[in-house]
Structures are given as structure tokens and as C-alpha cells.
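Examination of the molecular architecture
Below, each chain spelled out in residue letters.
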Amino acid sequence: TTNTIITNNNNDNNNDNQTTSSTKTTSSSQTKSSRSPPTLDDWNLQFRMQQTGVLLLVIPMLVWEGPTMIEHWIQLAFVHSTPTFILILVKYVTLAVINGLAFSSYNLASTYLLTRISVIHHAALNCTRRIFAIVCTSIVFRIPITWVSALGIAIS
């Protein structure tokens, strides 16, 4: 493509304003290379991270844990009646979906927060999150916090 740029040049000798035209030719390859690379928004970045994680972990999971999982399902099917087995399977799948949604929500919130604040602040908030999770877990499961565990919480 050809772009025409009109510039005003001041000539010191004549004190006249002269208008000159110059042409600047740029090829489409130069225009494409000067553009910044496309960026991903929070949702697409999260989707790509989850997709990559699934692709990296499904094959090893099936190789190492697949036979044991199938064997366990067969044993459950023989021990329990069909409606009970289906109920156990639905309960497991429901808990797995809830766990996946909670994990994805946490990662999306973390990714969103990381785009809004500095890495240092994000790391500090992540440490605070860890302490909060330890204390809440201790309260929910009624685990007493001893001096040793309090020291561990303080170190974390």
C-alpha cells in the first residue's frame, strides 16, 4: 500500500513555508510484523491452561490408574445392585464436577486478580489464602491448633 504524507518544512533562508509531499511505501509484511502479538483475555487464558492440563494428565492417568479404576468399578458393580451402583457413580461424578468447577473458578479468579495487581501483591495474597485455608480447615474438622501447628502456620 502507498501512503502520502504531507509535511510542512520551514526554510530558514527564505522564511517561506513550503509544503512538500513525500510518499512512504510499506508492504503488508512490514505492517504485519510491526503489530503486537494477539493477547488472550482471562477466560481464554484460563480455558487454554485447563485444556493443556487435561491433555498432559489424561494419558498418564489412564495408563497408571485406569486398570485399577476399572477393576474397582467392576467390584462395585458385583457387590452392589445396579441402582446402588448407579447412585454411587452419579454421586462420584457430581462431586468431581463440583470440585472441577470450584478449582476452575479459583484459577479464573487468580488469573483475573493477577492481571489487575502486581505479582508481589498476588504472592502475598496467595500466602494469606493458604493461612486462611489452614485455619478454616482446623475449625471445620475440629482439629486443635497446638503451639507446633501454630508455628507451622506462622512459617507458611
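Criteria and thresholds
- Residues numbered from 1 in each chain as written.
- Predicted model: local features only at pLDDT ≥ 70, side-chain atom pairs only at ≥ 80, totals over all residues.
- Heavy atoms only, no water.
- Helix = DSSP H or I, 4+ residues; strand = E, 2+ residues; numbered from the N terminus.
- Areas by Shrake-Rupley, 256 points an atom, 1.4 Å probe, with all protein chains shown as cover.
- Buried < 20%, exposed > 50% of the residue type's maximum accessible area, 1.4 Å probe, protein only.
- Contact = heavy atoms within 4.5 Å.
- Polar contact = N/O pair within 3.5 Å; in protein donor to acceptor, adjacent residues only side chain to side chain.
- pLDDT = per-residue confidence, 0-100.
- 1 Å grid on protein atoms, 1.4 Å probe; cavity = no way out; pocket = protein on both sides within 12 Å on 5 of 7 lines; lining within 4 Å.
- Points joined across faces, edges and corners; volume = space filled by probe spheres on them.
- Nonpolar A, V, L, I, M, F, W, Y, C, P; charged D, E, K, R; others polar.
- Patch = residues over 30% accessible without salt bridge, like charges linked within 9 Å, V, L, I, M, F, W, Y side chains within 5 Å.
- Salt bridge = Lys/Arg side-chain N within 4 Å of Asp/Glu carboxyl O.

Notes on the overall build of the protein
- What the protein contains, in helices and strands, is five helices and two strands.
- Working note: accessible area of the protein is about 13,400 Å², and carbon and sulfur atoms make up 67% of it.

A look at the side chain of Thr111
- Note that Thr111 resides in helix H3 (residues 82–116).
- Among the residues examined, Thr111 registers a relative accessible area of 10% and is labelled buried.
- Beyond its immediate stretch of four places on either side in the chain, Thr111 contacts Asp42, Leu45, Gln46 and Met49.

Overview of the side chain of Ser138
- If you trace the backbone, Ser138 turns up in helix H4 (residues 119–140).
- A residue is classified by how much of its surface remains accessible, and Ser138, at 12% relative accessible area, is buried.
- Here the side chain of Ser138 touches Ile134 through a polar contact of 3.0 Å, landing on its backbone oxygen.
- Leave out the neighbours within four places in its chain, and Ser138 touches Ile143 and Ile145.

Some remarks on the confidence of the model for the protein
- Mean pLDDT for the protein: 77, with 78% of residues reaching 70 or above.
- The spread of mean pLDDT over the elements of the protein runs between strand E1 (residues 2–10), the lowest at 43, and helix H5 (residues 147–155), the highest at 89.
- With pLDDT under 50 throughout, residues 1–29 is counted as low confidence; its partners more than four residues away or in other chains account for 33 contacts.

Focus: unusual backbone geometry
- Even without being a glycine, Arg142 presents a positive backbone phi close to 55°.
- Structurally, Arg142 is set in the loop between H4 and H5.

Overview of the layout of surface pockets
- What the largest pocket holds in volume is close to 340 Å³.
- Forming the walls of the largest pocket are Gln50, Gln51, Gly53, Val54, Leu57, Val58, Met61, Gly100, Phe103 and Ser104.
- The set of elements that each furnish at least two residues to the lining of the largest pocket consists of helix H2 (42–79) and H3.
- A total of seven residues in the lining of the largest pocket trace back to one element, the largest contributor, which is H2.
- Split into classes, the residues belonging to the lining of the largest pocket amount to five nonpolar, five polar and no charged.

A short note on a nonpolar patch on the surface
- A cluster of nonpolar residues, Val54, Val58, Ile59, Met61, Leu62, Val63 and Trp64, forms a patch on the protein surface that exposes about 710 Å² of accessible area.
- Take Val63: it is sitting in helix H2.

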